[in-house]
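# Per-entry structural report
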Amino acid sequence: MQKTRPKHLALWQIRLPLPGIVSILHRISGLLMFAAIPLMLYALEGSLASNERFAAFKDCISNPLVKLFLLAVLWAYLHHACAGLRFLCLDIHKGLDLKTARLTSYVVLAVSLSLTVIIGAITW
């Protein structure tokens with residue numbers, strides 16, 4: 001009997017468990033932080049160069065779109081750090097059972113999002 005297999009994966013129909021979503025978000029946050037390095041270094045260099053460039057930097061970050069980008073980078077940093085700690089624990093074989101893996105995934109999402117909201121509200 002020949003099975004009919006799909007020729008492609010319908011990725012939008014696959015439902016990942018929460019630990020899988022946290023793993024993908026960990027990779028996305030790492031990519032976002034890596035992509036933001038040149039912009040952050042340019043902003044740091046500009047803000048330290050002179051008073052005029054610092055004033056221009058302050059004007060730039062007062063734009064709501066720039067603030068949203070900085071908030072996304074803040075989330076990426078916090079999520080990457082929290083998920084990294086979770087993955088370090090998994091590497092030493094702590095929390096490998098299904099119940100603990102799901103619980104730590106919820107904790108990573110809750111902590112990273114709540115810290116992003118708190119720090120973002122303070123700095124906005």
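By the naming in an unreviewed UniProt entry, the protein chain is Succinate dehydrogenase cytochrome b556 subunit, taken from Deefgea salmonis. Under the heading Sequence similarities (unreviewed entry), UniProt records this for the protein chain: "Belongs to the cytochrome b560 family." Per UniProt, the protein chain has the following entry under Function (unreviewed entry): "Membrane-anchoring subunit of succinate dehydrogenase (SDH)."

### Structural notes on helix α4 (residues 98-123)
In this model α4 runs 37 Å from its N-terminal to its C-terminal C-alpha over 26 residues, within 8% of the 38 Å that 1.5 Å per residue would give. Among the residues making up α4, those that are buried are Ala 101, Ser 105, Val 108, Leu 109, Ser 112, Thr 116 and Gly 120.

### So, the pattern of salt bridges
Within this structure, the stated rule accounts for 1 salt bridge. In this structure, the salt-bridge partner of Glu 45 is Arg 53, at a minimum N-O distance of 3.2 Å. Owing to a relative accessible area of 33%, Arg 53 belongs among the partly exposed residues under this scheme.

### Quick notes on the nonpolar core
Membership of the largest hydrophobic core is limited to 6 residues, which are Leu 18, Val 22, Cys 82, Ala 83, Val 108 and Leu 109. If you list the elements that add at least two residues to this core, you get α1 (18-49), α3 (64-91) and α4. When near neighbours in sequence (up to four residues on either side) are disregarded, Cys 82 contacts Val 108, Val 111 and Ser 112.

Conventions used here
Residues numbered from 1 in each chain as written. Predicted model: local features only at pLDDT ≥ 70, side-chain atom pairs only at ≥ 80, totals over all residues. Heavy atoms only, no water. UniProt positions renumbered as here; feature names shortened; annotations may be inferred. Helix = DSSP H or I, 4+ residues; strand = E, 2+ residues; numbered from the N terminus. Expected span 1.5 Å × (residues − 1). Buried < 20%, exposed > 50% of the residue type's maximum accessible area, 1.4 Å probe, protein only. Salt bridge = Lys/Arg side-chain N within 4 Å of Asp/Glu carboxyl O. Core = buried A, V, L, I, M, F, W, Y, C linked by side-chain atoms within 4.5 Å. Contact = heavy atoms within 4.5 Å.

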